[in-house]
Each structure stands twice: as C-alpha cells, then as structure tokens.
Amino acid sequence: MMQSASIDQDAGGLQCHTFDVVVIGAGIIGLSTARQFLLQSDLSVAVVDASIPLCSGATGAGQGYIWMTHRTPGTPIWDLAIRSRQLWQILIDNLQAEGIDPLDALGWKRSGSLLIGRTKEESCLLKERVQKLHAAGLRAEYLSSNDLLVEEPELEVSLESCAAFLPDDGQIDVHNTVSFLEKGNKLFTSESRYMDFYDDPAVCLLRSSIDGKVEAVQTNSSILYAKRAIVVAAGCWSGSLVSKFAAELGSLVNVPVQPRKGFLLTLEKFSPFKLNHGVMEAGYINHHKTSSETNLPGSSEAHHDQSLSISMTATLDAAGNLLVGSSRQFVGFNTDVDMHIIDQIWERNREFFPALRKLSIQNLTQNSKVKVGLRPYMPDGKPVIGPIPSMPNVFLATGHEGAGLTLFFSGPTNSMQFIRLLSHSPFLNPNKARQKTGYVENYQISHRLDRVASILLGPELPKGITGSRLDAKALARPHGLAGRAGLRG
C-alpha cells in the first residue's frame, strides 16, 4: 500500500510532518538513498540539508569519475563498487531506452581511465593490477610506453612510462547528476511521498516518550517524524552530528569520520590540448597512506605539510572543461582557498603534460574556478554503512571519502532486502549487533562490511532506476565482462 507523508498541527511553533524515512544530507549519497527508497518501495521520504544550493559539499568538488582502475578486487569495497557500477550502467541503459541522452541528463561519457606509471616498480605494480582486474571480470589492459602515447598523445612518455587502461570506465557531471536526482525525487511529491527541507539543518533527534525509540528529526523549522528509519548521509559532518545527537539522548557514539580537504581546478572551455581519457598517476592509489593519518581536525600548522598529498589527475568533462587535481589534507573543516596548494597541483600536472608548461596559472585566472570539498574520510578507508546499535532505527551512510560517485548506489538501499531489514532483521537488535561486529559501544557501527554487503548485495533484483523491473540477464551481465585480457607491448 502506498505510504504517504502527513502534516500535523504546529507543536511549539514547529510544523510537524510524518514520513517513513528521513534522510539527513543532500549530497550524492543522500539523494541516491532517497531515490532508491522511492523507486524500490512505497515508502515516503524526506531529505534534510543544512545548505542550499546543492553540490556545496564533497559532491560538488569532484571530477565525476566512475572508475574501477584504482579499486582492488576481493575486498568489500570492491563488491560494492562493482554493484554500483552495474546500477550506473542500468541507469544509462534505461535513460537511452526512454530516448534521453545520458550526456545531456548526467554529463555522462565513457571516457576510459588511465592509471599512469613512470618507473619500473610502478610498471610491475600496474601489470599485477591489470591481471587482477581482468580476473575479476573487467576489460583491462596494460599499456607500454608506445601504446600509451597512442592513447594519450599529450602525455610526456619515456621508455619506462606505462599505464593500466580500463576503456569502460566513465565519468559524469556532478551538478547535472545531482539535478537529475533531485528532479526525479520531486516527481514523487505529487503522490505525497517526498519533501525536501533545504537550508534547514537538523538540530537534534527526538525519542518517543513511550518506548524510548528515536522517532523524529528536529530541524530549525520542523519536526520530521520517521516511522521506519532515519539515514544520516551528511558526509564528513555525519560523525559529529551523530555524536551530538547521541550525547543529547544519553548515548555515546563515536564515528571517526574526518574531513579531508581537497581542491579541484577547473579551466573552462580549455583549448590548448585535448585528453582522450581520464588520467591519474599511479601514486594516487596511495593517498590514504599519509604520514599524519592520525592527525585530528584542526591540526597545527606544523603538521600542515606532513598531511598534504598531491597527485596528478586530469580529465575533460562533457562541456570541454579541463578538470585538474588533486590534493588531500587534514585541516579540519577549513574550506579556505590556498593558492600555494593550487600552484602545487598545477606544477604536478605540468610534469605529465608538456603543453601545460607553456601556460601560467596566473594567466588563466579569468577562465578558471577553484572548487573546495571536504571528503568524509575513515582511517581504514571503508565507508560506514549500517545501523547504530544504540539507536537501531538510525542508519549511517558516510565515509566514502573520494569514492562517493563510484559507490553511488552503496547507500543502505541497494535492494529490497534493506527495506525488509528496517522491520524484520534481528541485526537491528543492539545486543546482536554488538555480537556481529565485535565493536565496543564507543564505535559499534556495523563498519565491517561483510555483513552489510551481504544485505546490500542480496540475490533479489532491484527495480530499474527509472522504476521498471529489469530482467535477470540484464543485471547478471556487468558491463565490460565480455572483454579481452591484457597486455599490449
């Protein structure tokens, strides 16, 4: 039966609304979580966000990569990324079937990805990576220096240059995609199943006076009752929000998600050269291994340089803009632009692209934009997806760091199994959750993804992203499986 949102009388000057699910956060994870609930069930959903316009967080500062080339087969993250990749392709296929160009709707293109090596050591690592990717079912090739120059003529290539090449990787325009998701969600407003509350931050959670269960999210203007679940998908703010909410309710929950700042330089309508693929250096995959992994937000200036990591990434988006990155650093929630870091990003990219050496970043300022994002970073690199045992109807979906787009569909809504989980699974019992995860009260989120992955990646087929049910063959055939192996040159 269709579940409709309801609006009650004012309570203490606040408008009261009732939904099945309330999602806190309107980034790519929050909006996709809401969308999957709307498409895969009859539940009503509200989305809450502290800011407006959208894309003000990590989502809006991304390059739009949907890449597997730097993912590692055989890990829980890999399984979620593969599942998400399948669903991205289903979205693309369904749009095309409806006569909608994915380039127009999402800024989507199959750019392919190149992970560039420049030393013998990196060559060995990339050969091994290609073999693993191919064994995992992806079309992957190792490119020698000659083949690399053919694929990407603008690169500076030496005899030791090489690359792992995944021709089926793609990218999207994050602003187009968020707009697409938001418009799609709003279509359910006419069915009284969806509302958004933007520029209206969540300030606390409310417990029921009857059974003590968390029953509502209070914002500056409203009380939003959630009959089934509350999902916190607020990026790097999720940890502090949950800790604050839990403390006010007499619980202690510590989720060590930290903001990891990054800059993206956008050169609009860039014409000096063209890239055929998305490109990043092999060192990018070591971004997690910095000398100050344990630095807390607000680290002193003495630790600033130690926590900074710069790697070359470059791609042309669908509009012909050159997107250049990337940086990672721990400086708390600071979002100030640091031109010293922008200069380092530019210099790093000039090492790979000779044509950029003829250009000064100062002379490109009129046609350039600097975007700043705070990635939700977890120390072990795994996102937090699952219920909070001390508040079992409150779920977390955060910690994706720079992989929010690749793990776009890995919020807690990949299948109808999660919807059943809301009311039927013993995993929501706090005592059993503690036994399953082995975590103490201070950090007992279902962070180990083996259990959660089995829920998210269950055997049931989801409905298609546009609402139509897909046949089994369509889902069982991940895009790119029918590929060739391996080595060129």
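Structure first, text after, so check above.
What counts, and at which threshold
Residues numbered from 1 in each chain as written. Predicted model: local features only at pLDDT ≥ 70, side-chain atom pairs only at ≥ 80, totals over all residues. Heavy atoms only, no water. Core = buried A, V, L, I, M, F, W, Y, C linked by side-chain atoms within 4.5 Å. Buried < 20%, exposed > 50% of the residue type's maximum accessible area, 1.4 Å probe, protein only. Helix = DSSP H or I, 4+ residues; strand = E, 2+ residues; numbered from the N terminus. Contact = heavy atoms within 4.5 Å. Pairing = 2+ DSSP bridges. Axes fitted to C-alpha atoms, helices over the stretch in contact; angles between N-to-C directions. Phe/Tyr/Trp six-rings, centres within 6.5 Å; stacked < 30°, edge-to-face > 60°. Lys NZ or Arg CZ within 6 Å of the ring centre and 35° of its normal.

In terms of nonpolar packing, the biggest core is built from 35 residues, with L31, V45, V47, L106, I172 and Y194 touching the most fellow members. Counting only elements with at least two residues in this core, the list comes to β2 (14–24), α1 (28–40), β3 (45–48), α2 (76–97), α3 (102–106), α6 (174–186), β12 (222–232) and β19 (391–398). The greatest single-element share of this core, amounting to seven residues, is contributed by α1. Apart from residues no more than four positions distant in its own chain, I172 is found in contact with Q63, G64, I66, W88, L106, G107, W108, T177 and L405. Judged by nonpolar contacts, the second largest core, of 31 residues, contains L143, L267, I342 and A355.

This part takes up the sheet that holds strand β6 (residues 141–143). With mixed pairing, the eight strands of this open sheet are ordered in space as β6-β7-β5-β14-β15-β16-β13-β17. In this open sheet, the two edge strands, each paired with only one partner strand, are β6 and β17 (368–377). The average undirected angle you get between the axes of adjacent strands in this sheet is 20°. Bridging between β6 and strand β7 (residues 162–166) involves three bridges; their strand directions are antiparallel. Along β7, the bridge assignment pairs E141 with F165. Contacts from helix α4 (residues 120–135) reach β5 (113–117), β6 and β7 within the one sheet, and its direction differs from that of β7 by about 20°.

A few words now on the packing of aromatic side chains. Under the counting rule described, the total for this entry stands at six aromatic pairs. Plain terms: the ring middles of F19 and F197 are 6.2 Å apart, the flat faces sit at 85° to each other, and that makes the pair edge-to-face. Highlighted residues: F19 in strand β2 and F197 in strand β9 (residues 194–197), separated in sequence by 178 residues. Seen in terms of ring centroids, W237 and F333 are 5.8 Å apart; in terms of plane orientation they differ by 35°. Their pairing is tilted. With W237 in the loop between β12 and α7 (238–248) and F333 in the loop between β16 (322–328) and α9 (339–352), this residue pair connects regions lying 96 residues apart in the sequence. On the basis of relative accessible area, W237 is assigned to the partly exposed category, the value being 40%. One aromatic cluster is present, built from ring pairs that chain together F270, F273 and F353. For the cation-ring pair, R118 lies above F352, with the distance from its terminal atom to the ring centre recorded as 4.0 Å.

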